[in-house]
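What the coordinates show
What follows is the residue order along each chain.
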Amino acid sequence: LTTIEAVQRSPAADAAEPADHEKLHDIRISCTMPSIECGTVGGGTGLPAQRACLEMLGVAGAGDVVGDHAQRLARIVCATVLCGELSLMAALSSNHLISAHVALNRKPATPP
């Protein structure tokens, strides 16, 4: 279990566990963000760029039932966070994260 924080310090937790205890090669990864704040109406949602993004995701406006689009946007955000976490876990487990930091370090090496 890893605890992460996303937009505006919203607490989140992701977990990885065997999907089937008999088949240990299958894994279920989940992300829980119990207090994420998402809005699809009001505020800056009417600005052209923000509105275009909400429309691309199919969540502009309140939805047929008020709040439907905000809930869908929250699920999209949580799924995106989960993708980032999965990518990070893959990079850590294959040592790519460290090797990329070493290879792309822009600061010159300082002698000890």
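Because the structure is a prediction, the values reported are computed rather than measured.

About the criteria used
- Residues numbered from 1 in each chain as written.
- Predicted model: local features only at pLDDT ≥ 70, side-chain atom pairs only at ≥ 80, totals over all residues.
- Heavy atoms only, no water.
- Helix = DSSP H or I, 4+ residues; strand = E, 2+ residues; numbered from the N terminus.
- Buried < 20%, exposed > 50% of the residue type's maximum accessible area, 1.4 Å probe, protein only.
- Salt bridge = Lys/Arg side-chain N within 4 Å of Asp/Glu carboxyl O.
- Contact = heavy atoms within 4.5 Å.

1. Concerning the overall build of the protein
Within the protein one finds three helices and three strands. Ordered by position in the sequence, the α and β elements of the protein form the string β-β-β-α-α-α. Here the protein, with 112 residues, has 17% of them falling under the buried criterion.

2. Description of the environment of glutamate 37
When you line up the elements, glutamate 37 lands in the loop between strand 3 (23-32) and helix 1 (48-57). When the C-alpha positions of glutamate 37 and glutamine 71 are compared, they lie 9.7 Å apart, and in sequence the two are 34 residues distant.

3. Observations regarding the pattern of salt bridges
Should their charged atoms come close, side chains of opposite charge can pair. Taken as a whole and assessed by the stated rule, the structure comprises two salt bridges. For arginine 28, the salt bridge identified is with glutamate 17, shortest N-O distance 3.2 Å. Residue arginine 28 is located in strand 3, and its partner glutamate 17 is located in strand 2 (residues 10-20); the two are separated by eleven residues in the primary sequence. A residue is classified by how much of its surface remains accessible, and glutamate 17, at 38% relative accessible area, is partly exposed. When the shortest N-O distance is used, the salt bridge between glutamate 55 and arginine 51 registers 3.5 Å. A residue pair is termed a helical-turn pair when its members lie 3 or 4 positions apart in one helix, as glutamate 55 and arginine 51 do in helix 1 at four residues.

4. Remarks on the environment of isoleucine 76
With respect to the element layout, isoleucine 76 can be found in helix 2 (residues 68-93). With 19 residues separating them along the chain, isoleucine 76 and leucine 57 place their C-alpha atoms 8.6 Å apart. Not counting residues within four places of it along the chain, the set of residues in contact with isoleucine 76 comprises Leu57 and Val59.

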